[in-house]
Structure formats: structure tokens, C-alpha cells
Protein chains: 2
Amino acid sequence: MNGLMMDQPLLVKSIVEHAQLIHPDVEVVSVTADNPRHRYTYREAFRRSRQLANVMAGWGLQQGDRVATLGWSDHRHLEAYYAICTSGYVCHTINPRLFLPQLEFIINHAEDQWVFVDRDFLPLAEALAPLCPEVRGWVVMTSADFMPETSLPDVYCYEPLLADASDSFRYPQLDENSACSLCYTSGTTGNPKGVLYSHRSTILHTLVSMLPNVMNLGGHEVVLPIVPMFHVNAWGFPYSSPLAGAKLVLPGSKMGDGRELTGLINSEGVTLSAGVPTVWLALQAHLRASGESVPSLKRILTGGSAPPLAILEEFDRLGVESQVAWGMTEMSPLGTANAPTLLSPEQTTEAASKTRLKAGRQVFGVELKITGDDGEELPWDGEAFGNLKARGPWVCSSYFRLEESSAHAEPGWLDTGDIATIDPDGLMAITDRSKDVIKSGGEWISSIDVENAVLSHPKVAEAAVIGRPHPRWGERPLLIVVRDRGAEELGADEVLDFLRDKVAKWWLPDAVEFVDELPHTATGKIHKVGLRETFAEFEF
Amino acid sequence: MNGLMMDQPLLVKSIVEHAQLIHPDVEVVSVTADNPRHRYTYREAFRRSRQLANVMAGWGLQQGDRVATLGWSDHRHLEAYYAICTSGYVCHTINPRLFLPQLEFIINHAEDQWVFVDRDFLPLAEALAPLCPEVRGWVVMTSADFMPETSLPDVYCYEPLLADASDSFRYPQLDENSACSLCYTSGTTGNPKGVLYSHRSTILHTLVSMLPNVMNLGGHEVVLPIVPMFHVNAWGFPYSSPLAGAKLVLPGSKMGDGRELTGLINSEGVTLSAGVPTVWLALQAHLRASGESVPSLKRILTGGSAPPLAILEEFDRLGVESQVAWGMTEMSPLGTANAPTLLSPEQTTEAASKTRLKAGRQVFGVELKITGDDGEELPWDGEAFGNLKARGPWVCSSYFRLEESSAHAEPGWLDTGDIATIDPDGLMAITDRSKDVIKSGGEWISSIDVENAVLSHPKVAEAAVIGRPHPRWGERPLLIVVRDRGAEELGADEVLDFLRDKVAKWWLPDAVEFVDELPHTATGKIHKVGLRETFAEFEF
């Protein structure tokens, strides 16, 4: 017997309708190539997004067709997000940092019909156009005054397109399971794979992300997501901020620039920010060097990779609360959050530091488990490491156009590809990518724990640990270090001595190599496959 | 084209699973007839709820069957809530304050198979049993030691039933639209009507209620819902508190007792409470009389009826933030919340007082509109009053077993039966029940506004305004006042003089009558139908 409640689907257009009625005057501030501080309100954002929807209505698209974006985080990208998905098309956000062959693959695999492109990425678009002949048009997200010369075929300028369009648009009534957006995840091997979000998954993910135990996002916040809109929907902030009525500050291309970020935070009164550790390193380096402060900033969320403790401690000194969260493209992205209230006051400083570095507890809606190589579930004792698996209404069931071949190895559970522990309090900690794990004498060594310990050395800029074959133990850890500038004297013995009381004795690397830089993936992570190739000939 | 996200239904069992894993050790404290301070954890609550589910599995019920409760807010009632709905049955919470013929009607109309009953309501159950022959069994929610003699047929005692039951239970996989709970709403005329909530509506309502802009419910709170579990699921706290990991304090039968409430707040460290104005009057009267304080209490939510400003101002003096919310049984109940952050600092004190008394802004998921008698939508200008209509995924589409006859007059919109204004900021204010509205010379007078103005007079204990026929204007307002104790000298002229600068001149009542008490409905509201009957012969 069913309940007798209204059959109202969960749709992204509800965010538009809510924000327009309830907090239309809240600001959206963007850094764009043509205006370093573009400023308007949600009312205007959604008015223009309806104009864009009317423009697209003339393109002859079918519901479910993919329309791509290749752009930084700014107001036009936000308008495109909403215009595309509320029209019933799929907003395919492309990561412009990928390599050309990957971009070519992605656009053709997704069969993108149109592409919105930032001026900064025009050279990329010009290179792609001949490789992607099915694209019917390219829209440069700029105004007529700033429109550059381009060799792109079928090219339009964003502002003149909108200028004549009506801002009255009737949103089609969609099924809540219909596709809403698409994001490809680039593994270190093989072709990128597309994760296809639905309206339902987007709304549920948005609501849960806003809960007090998670991101605690209310209308009083000024939010600066320093995570690109092409990276898992900027962790959902383009949806959650208008739903909450939080002022949204979009940093354009300035995401790695500590000076620009400090200026944005201070001039806009940013209270909450979110990003990956690299971003915080840049911000903190600027604050140290300039002596500036960020008094409005109350909280930051850090994700993408495990942060070094030093970043969190520097935020402590700045009076900024920091919170670790974890997720992945396949999870919309939110999987866990380490709410600050979880730190019990009885913990020692050292225990508290370990606790706050963990990825956190599964958020409501997500279920996690860890399994051994035999597929059996492992205990939540904080000791057992296993393959981390997840399920929930915003977790991907299979990849786009790979539905059969990408079905999960364990039906109903996404294998995250991470190795993790979960402690009795439910706090999950990633110890490794499963393909990076080091198996020594039949036991697993966590490369991430060793790397984090090394990173706390003041003369170390970056570090990676990889497994290399060992005649006796099968594999042993090799530590690869980038010295901090001016620390040329740092040697292997000093590093190993430093580690001795920080990791288990048998985790201590058998050798240390120094390099000038480490290879990185397009999303800024250390490219361990590349490192293993570089050190393929290494012998202990 | 559908998204490729996991098909995970929204089910109440997810709250159980989440709470058990993520905050199993958080406490639930109850006032019961057999223990004034029962104390255990969510782990134990859900363990016992599985035992109860196993007991019920032996009762031969079908999915969708109704199992009723007739009880105060306590831990056993909480166990019953979860055991019933996670088993796939429907938890029918009955309001024991209803009159016997209404109770008889409700139980027979719902075809309740079993009834869980509190010791306090045994006399009621004994009177009901012969009138409700289809009920197959009665379970008295107490322990063997406290089990009274009773004439009830097929009667069981709760604790011995559970004692031998296994606590391992496999939750059936349900459709998210399946019915979860049932609550009858008693109008002032006609039979009570059943609102049938689904698992989906319950989860969505729970998530939205917890948002920072709404109830802002996180794991650090200690929650005391002073609203009964038989009254629209205690505004959702039995679901939201375990989801958040908030400590839950259930006050049993002590909901109107200021001394007991103060004791509970102080001994349990309550930070957040929720109730109707009558409850706050009792609490504040006790605090004034005793000189006690409630230092842990940070926030209260008030709903059920418009609060007098004096209550909110007394909370200001106590250092407790107060927030108005509005809802109804047909809306699960949450419709609007007046978030404190909405008060703009530029408002004058008087304007701010008016703003904070409003019902608030529609929460995400609920859409409101006001319409004139012609059904046309009225503007959100804060001036126009109209029939308030609502829709959303937790708004009822029709009443149980009245599906056809109770379809909404305007398809897709619930007519709330209230008259309201909505201002340009989206703040809704109820001005009247539509059946209580007074129409003078073709214009509407808000009885609620006049009543609230009268209530700010220090010698007035309670007041009601009703419309009475008038030869010239059609109807004019008659004010009926209960004097405060010791204020026998208060006369009509003093009241009317007091009102003169507080309401529009033509809203001023044409007469004032003094009475010793006003009639109330089972849910504590002023029974205006009764008043109109009492004053049927009144002539201006």
C-alpha cells in the first residue's frame, strides 16, 4: 500500500524556483577573463539561464542530448549548468587540464552536440574541433567586446546570443531519474569513464551535503568553492549555495593563486571555502609571505587527497576551522565528512591529530564497507585495511556507454579503488589506492601514511612512496622526495631518522631517492604509475 | 535517458542503519510512568525495536496493515514507531486527547490490527475495546511489575513480549512510496481524516527539516521535543534526531508541566526544544515563579499556532533564541520556518517584531501560493490576503480511504484552510483560518492579528475574535476576553483604547465580552466553532 503524498519529482529546477522566490537578492560574484569582479544576484543568474535555455531550444536538441562545457568557475558557467539540465539536456563538464587525446575521446564518446568554451581554452577548442566533427556548435563564454578571432567553425559569442532571447521559459516536467550531468573520471590507465548523474541523485546529494553534520551550509554563509566546476560539479556548491541562499564567490581561473584568493576572501567576506590541499598550500604560503590575514574566513573543507597535518595546524593558528571530507567523481562526490564535533575532548593532542586527518564518517545515504581480498567484510576496528566499497542513491551504478562492461565486481557496491580502515567510531581513513598498495611479506604498508609522515619534515616539499620488488619480502617501499627550496643538504639518513618514531619499523622505506619534481595527473594527484615507470629499473 | 546512479530507495530503515553505525552511543532519555528517567542509547533502542519487529512477525500481518499507538512520547513509543514501519506496516499514531466517538471512528476506519497503549490510557482502551472489535490485540507499553489489572481482551505486556524475542531481524526491502505512518487530523467539523505518509516523504521531510536554514539539527544538539509523538510524528524529531546523532529527550506525559520541563532541560543539558505556545507559557511561568533558569537551552522552535510576541521577548531575556515555524498534519508537518538570520539589521524594533512573528519562508521542497476567492494567484506584497495553498513531496494528495472525495479543489494543491499574506521577502503570515475569517463591508479582517494585539495587554490571559452578523457591514468583530488572574477591573473600554493604535481603525471590535474560559480543541487550539455557537444569539 502506497502513502498518499504528492508525487513531486526531485528536480534541479526546484533549486531555481526556490532561490528565485526565497533569496533572489543574494549575490553571485565571479572572476572572469573580461571582468575581474563580475557581480549580480541569483535572480539575474536564473533569468539569464532561462534566456540561454530559450537559445538552446532553437538548436533542435532532444532530451538527454549532451551539451558540454570547457570553462573555469564563473557566472556564465553557472548559467550554462542550469540552462542545460533544466531543459532536459545533460550538462557534460569537461576538465580542460586533460590531454588532447583524452579530450578528443571524451567529446566523441559523449557525443557532445554543443560546447561552451572559455576564452582561455580557445586554443584547445581550435585543436579539438577538427577531431570532433559531430560537435554542431561552439559558444565562447564572453561578451562581443572580448570575443577573439578564432578558427573555430560554427562559433558563437555568448552575450550576443543571450541578448535577444526571452527570459520567459517553461521548464519541461522531467522524470527525477533522468540524466542531469556527466563528468568523466580519468584513471591513470585506460580511457576516461563517464559518470552520469540524475536529477534525483543531484538533489539528494545537495540536501545531505548541506546538513549541519556535513558542510553545514546555511543562508548566512559566503562560499568560495576553490574547486573547479569541471571537477565533480565543484563538490555540489553550484547547487547547494542557491538552495541555501548562500552568497557564491566563483574564482574563475585564479584557483591556485594565493594572492588573488586572499583578495577575494577579504573583499567578499568569504566565511566558508573548499578545496584540495594544493590550494591551501598556495593560500597559506601567500599569507605567510605577505603578512595578510583572512578574518572573515571561519571554516574550510579539504578533500581530493589526504591533507598534511601542517595545513590543518596552520589553519588553527589562523583561527579557521578545518574539516576533512572525502568523495569521488563516482559518488557525486560526497562520501564522508569529518565533522569537527566528533573530536572527543578526552583525546590527547596526538590522537586528536590522527582523528582529524581521517576522511570522516559516511554521510547519511552513503554506506561504506571494507572487504578483504576474499570479498569478506572486515571489522571496523581501525586496524584492518580492506578494499573500500560504497553504495547509495548518488553512487554510480555503471559508467556511461560502458553499462555492461563496467558493472560492479560485487553487485550493488562500487569498488572505490581505495584501501581504507574504519575505526569503531565509524571514521574511515584511506591508506592507499589499491593499485598503489605495497605488500611486504604478505602484509600491507600504507604509502599514504608514510608520505604524510615525511611531509611533516620542514625541508620536504613533496614525497611519494612506491613499492619496488624485493627478493626477500616481495615488495619494499621506496621513498621519493622533492626537497624544499634551499634545502639541498637534506639527505636520506636525515629523512629516515626523522621517520623512525613516526611509522611502524617495518614500514620504514628501504631507500630514499631525491628528484626535482614529481609527475602529476590532470587533477593534481601524484602520478604513481609514471613514478613506477621512472623507477622500473630500481633495485634495492 | 536516465542517469546511471544506484537505485537505492529512501526508507526509514536507513535512519536505523545510519544511527547504529555512526552514533550508536548517543542517549535517548525518557520520562515514563514506570521510570521517571529511563536512559539508554540508540544502539539499544534499535536493538529492542528489532526484537519488537520479530514479535510482530508472529502476528500474521500483511504489509501495509495498520498498527496503532496510543501513547506519550517515550522510548517504547519510539521502538514501536521503528518496529512497525521498518517491518512494512503502517504506524498509526492516535491522539488520546480526542473524544471517545472520534477514537472509535479512527480505529475502525483505519482498521487497526493491534494497538500499543500506555498505562495512562488503559481506561480509554478498555472503553474502546468493545467498540473496536476488529482489533486483534492490545499491548500495554510497560514492564511486568507495572502491568495493571485490566478488562482488555487479548492483552499483552510489552516487556515480557520483547524478553524472549531475537534482536536479529532482516528488514524487508520496501518501495520508497509505500506507506509508513498514519495520523488523523481532527477538523472542527466532520470525522477526522487520515494523512498517510510514505517512507519517501518521511526521509525527504527529515532531511529538509535538519537544514541550517530550517531546524539546524546536528549531532551536537540535545533535543527535547515538547510536542507529542501522536501529533504529526512529533514534528519529525523521532526521525531527525537519530539521523543527526542528537541526544533525544522524550518528556512522557510531562509536556505541560513547567517544573518537570525545567528539570529535564537542566539535568539533560537540553540545547534545542520545540513546542506550541501553551508549552512555553507553562515553562516561562515556572521560571518566573521559581527563579530557576535554563542555561543550556540555546534555541526553541514554536509552532502549532501563532505565538504572542511576549513569549519570544521572554525568551530573549532568558538568552534563548526563538524561531517560529509553521506546518500542518497534511504537510508532515513542515511548511515554513522563520530563520533568525532573516532579520535584517536595518529593521526597526517594531518591524523586526512583526517579522519574527511571521510563520516564515517556505522550506525547500514546499511551494506555497495564496489565491483569491476566484482562484487567481495573489501577489507576494505582504498586503493581499488569500487562501493559502501548498504542494510538495511531503504534502498529502488525498486522505486515507477518502481518496476520491478528498481530492484537492485545485488539482495538485492542498488548500490549507488558512488565510495568509506573503511578503516580498517570502515571509508568510497566517491571518486566519478561512472558516474564521471576518468579512466586513466586503473586506477581510484578520482575527489573529487582533487577538495578538489584545494578548499584548498585561491583564489579558486569552482572547478570541469571531465575526457576528451586522446589519450594515455583513459581519463585524466581537472580541471575547479571559482576564488574567487578579485583573477583574479590566473593562471593555480599556481593552478597546489599548487596541486603538495597534490595529486598523475598521478592524476594532464592535463589542467586548468577558468570559472565565475559552473552549479548546483536542490539540489545544481555541474552538471557534464552539464560541460561535455560544454567541449565536449575540447582537451588536
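Preceding block: the structure.
Described in the following lines is the structure provided in the data block. Quick caveat, the model's predicted, so the values are computed rather than measured.

Moving on to the sheet that holds strand β15 (residues 334-337) of chain B. All names here are of chain B. Reading across from one edge, β2-β1-β11-β10-β12-β13-β14-β15-β16 is the order of the 9 strands in this open sheet, with mixed pairing throughout. With partners counted over all chains shown, the strands left at the sheet margins are β2 (38-41) and β16 (361-362), one partner each. In this sheet, β16 lies alongside β15 in antiparallel orientation, the contact comprising 2 bridges. Within β16, the position partnered with Thr336 by the bridge is Gln362.

The side chains of a regular strand alternate, residue by residue, between the two faces of the sheet. All names here are of chain A. Within strand β17 (residues 367-371), 4 of the 5 residues are buried, which leaves the element mostly enclosed by the surrounding structure. In terms of strand pairing, β17 meets strand β18 (residues 386-391) through 5 bridges, oriented antiparallel. Directly across from Lys369, in β18, lies its bridge partner Lys389.

This paragraph deals with the pattern of salt bridges. Enumeration over the complete set of coordinates arrives at 64 salt bridges over all chains. Among the salt bridges present, the one from Glu451 of chain A reaches Lys528 of chain A, with a minimum N-O distance of 2.6 Å. Of this pair, Glu451 of chain A sits in helix α13 (residues 447-455) while Lys528 of chain A sits in helix α15 (residues 528-534); the two residues are 77 residues apart in sequence, bridging distant segments of the chain. A relative accessible area of 10% means that Glu451 of chain A is categorised as buried. A salt bridge links Glu27 of chain B to Arg39 of chain B; the shortest N-O distance between them is 3.4 Å. Separated by 12 residues along the polypeptide, Glu27 of chain B in strand β1 (residues 27-30) and Arg39 of chain B in strand β2 bring together distant segments of the chain. Classification of Arg39 of chain B as partly exposed rests on a relative accessible area of 39%. What you see here is one network of salt bridges that share partners, running through Glu27, Arg37, Arg39, Lys247 and Glu268 of chain A.

Moving on, we get to the packing of aromatic side chains. Aromatic rings in a pair are described by how distant their centres are and how their planes are angled relative to each other. Under the definition given, this model contains 34 aromatic pairs over all chains. When the centroid spacing of 3.6 Å and the interplanar angle of 5° are considered together, the rings of Trp59 of chain A and Trp114 of chain A count as stacked. Here Trp59 of chain A is found in the loop between α2 (42-57) and β3 (66-70), whereas its partner Trp114 of chain A is found in strand β5 (residues 114-117), with 55 residues between them in sequence. For the pair formed by Trp59 of chain A and Trp114 of chain A, the shared burial category is buried. Plain terms: the ring middles of Tyr81 of chain A and Tyr239 of chain A are 5.9 Å apart, the flat faces sit at 45° to each other, and that makes the pair tilted. Linking Tyr81 of chain A in helix α3 (residues 75-86) with Tyr239 of chain A in helix α8 (residues 237-244), this pair joins segments that are 158 residues apart in sequence. Classification of Tyr81 of chain A by relative accessible area gives buried; the value is 0%. Grouped by ring-pair contacts, the aromatic residues Tyr42, Phe46, Tyr81, Tyr82 and Tyr239 of chain A constitute a single cluster. Taking the ring centre of Phe498 of chain B as reference, the NZ or CZ of Lys502 of chain B above it sits at 3.8 Å.

When chain A is brought onto chain B, the operation consists of a screw motion whose angular component is 180° and whose axial shift is 0.0 Å, with 0.1 Å RMSD remaining. The operation mapping one copy onto its partner corresponds to a two-fold rotation axis. Of the C-alpha atoms belonging to chain A, the one lying closest to the rotation axis is found on Leu211 of chain A, 2.6 Å away. Both copies share a contact surface, since 100% of the interface residues of chain A are interface residues in chain B too.

Contacts between the two partners involve 69 residues from chain A and, on the opposite side, 69 residues from chain B. Taken together, both faces of the contact between chain A and chain B bury some 5,200 Å²; the carbon and sulfur share is 66%. Counting the contacts that link chain A with chain B gives 2 salt bridges. Between Glu176 of chain A and Arg200 of chain B there is a salt bridge whose closest N-O contact spans 2.7 Å. Here chain A is connected to chain B by 20 residue pairs in polar contact (both at pLDDT 80 or more). Residue contributions to the side of chain A that touches chain B peak at 7 residues, all from helix α7 (residues 199-210) of chain A.

We now examine the packing of helix α11 (residues 309-318) of chain A against helix α12 (residues 349-357) of chain A. Residues and elements named next belong to chain A. Taken N-terminus to C-terminus, the directions of α11 and α12 make an angle of 105°; their axes are 10 Å apart at the nearest point. As judged from the angle between their axes, α11 and α12 are roughly perpendicular. Residue-level contacts link Leu309, Leu312, Glu313 and Asp316 of α11 to Ser353, Arg356 and Leu357 of α12. Of the residues belonging to the contact of α11 with α12, the class tally is 3 nonpolar, 1 polar and 3 charged.

About the thresholds
Residues numbered from 1 in each chain as written. Chains lettered and ligands numbered in written order. Predicted model: local features only at pLDDT ≥ 70, side-chain atom pairs only at ≥ 80, totals over all residues. Heavy atoms only, no water. Pairing = 2+ DSSP bridges. Helix = DSSP H or I, 4+ residues; strand = E, 2+ residues; numbered from the N terminus. Buried < 20%, exposed > 50% of the residue type's maximum accessible area, 1.4 Å probe, protein only. Salt bridge = Lys/Arg side-chain N within 4 Å of Asp/Glu carboxyl O. Phe/Tyr/Trp six-rings, centres within 6.5 Å; stacked < 30°, edge-to-face > 60°. Lys NZ or Arg CZ within 6 Å of the ring centre and 35° of its normal. Least-squares fit on C-alpha atoms with pLDDT ≥ 70 in both. Contact = heavy atoms within 4.5 Å. Buried area = accessible area lost by both parts, 1.4 Å probe. Polar contact = N/O pair within 3.5 Å; in protein donor to acceptor, adjacent residues only side chain to side chain. Axes fitted to C-alpha atoms, helices over the stretch in contact; angles between N-to-C directions. Parallel < 35°, antiparallel > 145°, perpendicular 65-115°, else oblique. Nonpolar A, V, L, I, M, F, W, Y, C, P; charged D, E, K, R; others polar.

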